[in-house]
Amino acid sequence: IRLHNFADASDQPTIAIRTAPAGQYLPPPRAMSFNPSEKAILLTSDAEGGSYELYQLPRQLSGHVADAGQTRRGAGACAIWTGRNRFAVLDKSAQQILIKDLSNQTTKTIQPPVAVESIFAAPGSQLLLATASSVVLFDVQTRQTVAEISASPVKYVAWSSDMSTVALLCKHTITLANKQLEQLCQVHETIRIKSAVWDDAGVLLYTTLNHIKFALPQGDTGIIRTIDNPVYLVRVSGGDLHCLDREGTVQILKIDPTEYRFKLALQRRNYEDVVSIIRNSNLVGQSIIAYLQKNGYPEIALHFVRDDTARFELALECGNMDIALETAKAIDKPAYWDKFSQEALRRGHVQMVELAYQRVKAYDKLSFLYSITGNSDKLAKMQKIAVKRDDAQSRLQNSLYLGDVEDRVRVLRESGQLSLAYLTAKTHGLEEEAESIRAMAEVDESDIVGVPSAGSATLLYPATPIKAAPELDWPQLHVSKGIFDGRFNFGDKGAGPRPGKSRVADIATAM
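This write-up is about the structure you can find in this document. (Residues numbered from 1 in each chain as written. Predicted model: local features only at pLDDT ≥ 70, side-chain atom pairs only at ≥ 80, totals over all residues. Heavy atoms only, no water.)

1. A word on the overall build of the protein chain
Here is the rule we go by: Under the scheme used here, helices are H or I runs from DSSP no shorter than 4 residues and strands are E runs no shorter than 2 residues, and both carry numbers assigned from the N terminus. Accessible area is worked out with a 1.4 Å probe on protein chains only. A residue is then buried under 20% of its type maximum, exposed over 50%, and partly exposed in between. Residue contacts are counted whenever heavy atoms from the two residues lie within 4.5 Å of one another.
When you go through the protein chain residue by residue, the secondary structure sums to 15 helices and 27 strands. Expressed as a percentage of the 511 residues in the protein chain, the buried residues total 41%. For the protein chain, the share of sequence-separated contacts (at least 6 apart) that also reach a separation of at least 24 residues comes to 40%.

And the structure:
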């Protein structure tokens, strides 16, 4: 048995363990349970149909291998410490759990409530009983089942440092649960899982044949790095991962914990840590951007993106119309202006809608926008533009919005619609204009019948705006800058509103 010091990476032998006699084979130990207060170790092996050995480490380490002396042994499939001076042994054939003291004497015999394949440590006076299809949390003192969770046959168990979360390792799955065995998530792998360990932040690191991966309690997983040979994790400290190779040699692998710490901070809504990680790392990539967008953080993803197209989509998604307008100007394509105008109109940004319509020369939409906002001055300008463009349809539409009967008659007359021009003039009391049109059409007045008089008709005029506010956007709820606004600088395309501007949210959304 060797002792490894994580602080200085020193390694020294402590005590010799039992070896096989000459010419015989003794299976190596497959599990070890350490009691730090008593400096005692339980080794479990498959020798003799399943057995355990209890070793007492020397109080003072001299650097020399001490003789094990009289080693205490016993039969059992599993042996684990359950307290300072007691341990539990599973007698699989008799389906009994034996509680023993440091002298290896049985003090209590427990009949488990289920058929147990193996046992593992749990907080307090509890044990985890692994069956063929579940794991049971069993209280040794009261001999009662506390909780149960479904799981494939469990090979190993890894508890977090505060014993609040547990990872149940099966051949191809990992089940994460809290200390009441309420499932948090389940991870599936196609390659066999080798080992797992928790870091101090509450993230599980585990290994397969070729990868070191992470799993968050909420279910997110990812690859930390690839490995050439399988390793078995022991401890993680910052960017140092302590592990054992197949020869039992301690290795320290360098890892980058930035990605999983960033995701964990996001899920815990610890935004100060998120800001710190973004500032002090190079965590920029399409996978992170896609992760942020998928999990409902488009406003954070916006701070990573430099591509105008991606920034445009993210800005619309999170309602940052200032950046959406900036990127739409940079792209300057009709499809993007159209999409921008629809979102701006939905949010009541009238002036942004006007700008978008102007950029794509959507004259009909501009006319309608000016009409519903009561902007008669700009409607008159649109009429002049329609004349210059020689667009009869637009002229007629604008004359209807403005209530300009004379121009409406003029458009119909110039377009050859003499009957409509005559009826419009006659109905609205423009007698001289109507007579001129009749003469042009060379129609005798006696042939015209059924024309309503000006006094009996209900004339078509546009509604008068209750309150003309052509330059004002719809009411917006002003909010202070978010924690991510204006705190990053990614060059010319830094995200976030410029200093002096505040983000706005729709009143309807806020309510």
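Still more to cover.
2. Overview of the sheet that holds strand E15 (residues 156–159)
We apply this condition: Any two strands are treated as partners once DSSP identifies two or more bridges connecting them. Helix axes use the C-alpha atoms of the stretch in contact, all axes being lines fitted to C-alpha atoms, and the angles between their N-to-C directions lie in the range 0 to 180 degrees.
Judged by pairing direction, the sheet is antiparallel, and its 4 strands sit side by side in the order E15-E16-E17-E18 without closing on themselves. Where the open sheet ends on each side, the last strands, each with one partner, are E15 and strand E18 (183–188). Averaged over neighbouring strand pairs, the angle between their axes works out to 15° when direction is ignored. As defined by bridge partners, E15 adjoins strand E16 (residues 165–169) across 4 bridges and the pair is classed as antiparallel. Note that in E16 the partner of Val157 across the bridge is Leu168.

3. Notes on helix H6 (residues 321–331)
Taken as a whole, H6 has its buried residues at Met321, Ile323, Ala324, Leu325, Thr327, Ala328 and Ile331. Backbone geometry just downstream of H6 places Asp332 in the positive-phi region, at approximately 55°.

4. Observations concerning the sheet that holds strand E25 (residues 250–254)
Strand order in the open sheet made by the 3 strands is E23-E24-E25, with antiparallel pairing throughout. The open sheet has two edge strands with one neighbour each: strand E23 (232–237) and E25. When strand polarity is set aside, the average angle formed by the axes of neighbouring strands in this sheet is 25°. The pairing of strand E24 (residues 240–244) with E25 spans 5 bridges and is antiparallel.

5. Quick notes on the packing of aromatic side chains
Operational definition: Pairing of aromatic rings covers Phe, Tyr and Trp, the last counted by its six-membered ring, and requires centre-to-centre distances within 6.5 Å; plane angles under 30 degrees mean stacked, over 60 mean edge-to-face, and any other angle means tilted.
Summed over all chains, the structure comprises 6 aromatic pairs. On the basis of an interplanar angle of 65° and a centroid distance of 5.7 Å, the ring pair of Tyr52 and Phe87 is categorised as edge-to-face. Pair noted here: Tyr52 is in strand E5 (residues 51–56) and Phe87 is in strand E8 (residues 86–91), with a separation of 35 residues, a long-range link. Of the residues examined, Tyr52 reaches a relative accessible area of 0% and is grouped as buried.

6. Let's talk about a nonpolar patch on the surface
Let me state the cut-off plainly: A patch is a set of surface residues, each over 30% in relative accessible area and not in a salt bridge, joined within 9 Å for like charges and within 5 Å for the nonpolar side chains Val, Leu, Ile, Met, Phe, Trp and Tyr. Accessible surface is estimated by sampling points in the Shrake-Rupley manner with a 1.4 Å probe; for residues, cover comes only from the protein chains shown. Within this document, salt bridges are pairs made up of a side-chain nitrogen of Lys or Arg and a carboxyl oxygen of Asp or Glu, the two lying within 4 Å of each other.
There is a patch of nonpolar side chains on the surface, built from Phe6, Val234 and Leu244 and spanning about 210 Å² of accessible area. Take Phe6: it is sitting in the loop between strand E1 (2–4) and strand E2 (11–13). On the accessibility criterion, Phe6 (32% relative accessible area) is partly exposed.

7. Thoughts on the environment of Ser367
With respect to the helices and strands, the residue Ser367 is situated in helix H9 (residues 363–372). Look at Ser367 and you get buried, because its relative accessible area is 0%. In this structure, the C-alpha to C-alpha distance between Ser367 and Gln397, residues 30 residues apart in sequence, is 8.2 Å.

8. Details of the environment of Ala380
Looking at the secondary structure, you find Ala380 in helix H10 (residues 376–389). Relative accessible area serves as the criterion here: at 30%, Ala380 is assigned to the partly exposed category.

9. Observations concerning unusual backbone geometry
Backbone geometry at Asn104 places phi at a positive 70°, although glycine is not the residue there. With respect to the helices and strands, the residue Asn104 is situated in the loop between strand E9 (96–101) and strand E10 (106–110). For Asn104, a relative accessible area of 13% translates into the label buried. Non-glycine residue Arg143 carries a positive phi angle of around 55°. Turning to its location among the elements, Arg143 is positioned in the loop between strand E13 (134–139) and strand E14 (144–150).

10. Notes on helix H2 (residues 271–280)
Put simply, the rule is: Arc, as used here, means the arc of the directions from the helix axis to the C-beta atoms.
Among the residues making up H2, those that are buried are Val274, Val275, Ile277 and Ile278. Buried residues of H2, viewed axially, fall in a sector of 165°; they line one side. Exposed and oriented more than 90 degrees from the buried face of H2 are Arg279 and Asn280. For H2, the secondary structure elements touched by its buried residues are helix H1 (258–267) and helix H4 (298–301).

Taken by themselves, the reported measurements are silent on function.
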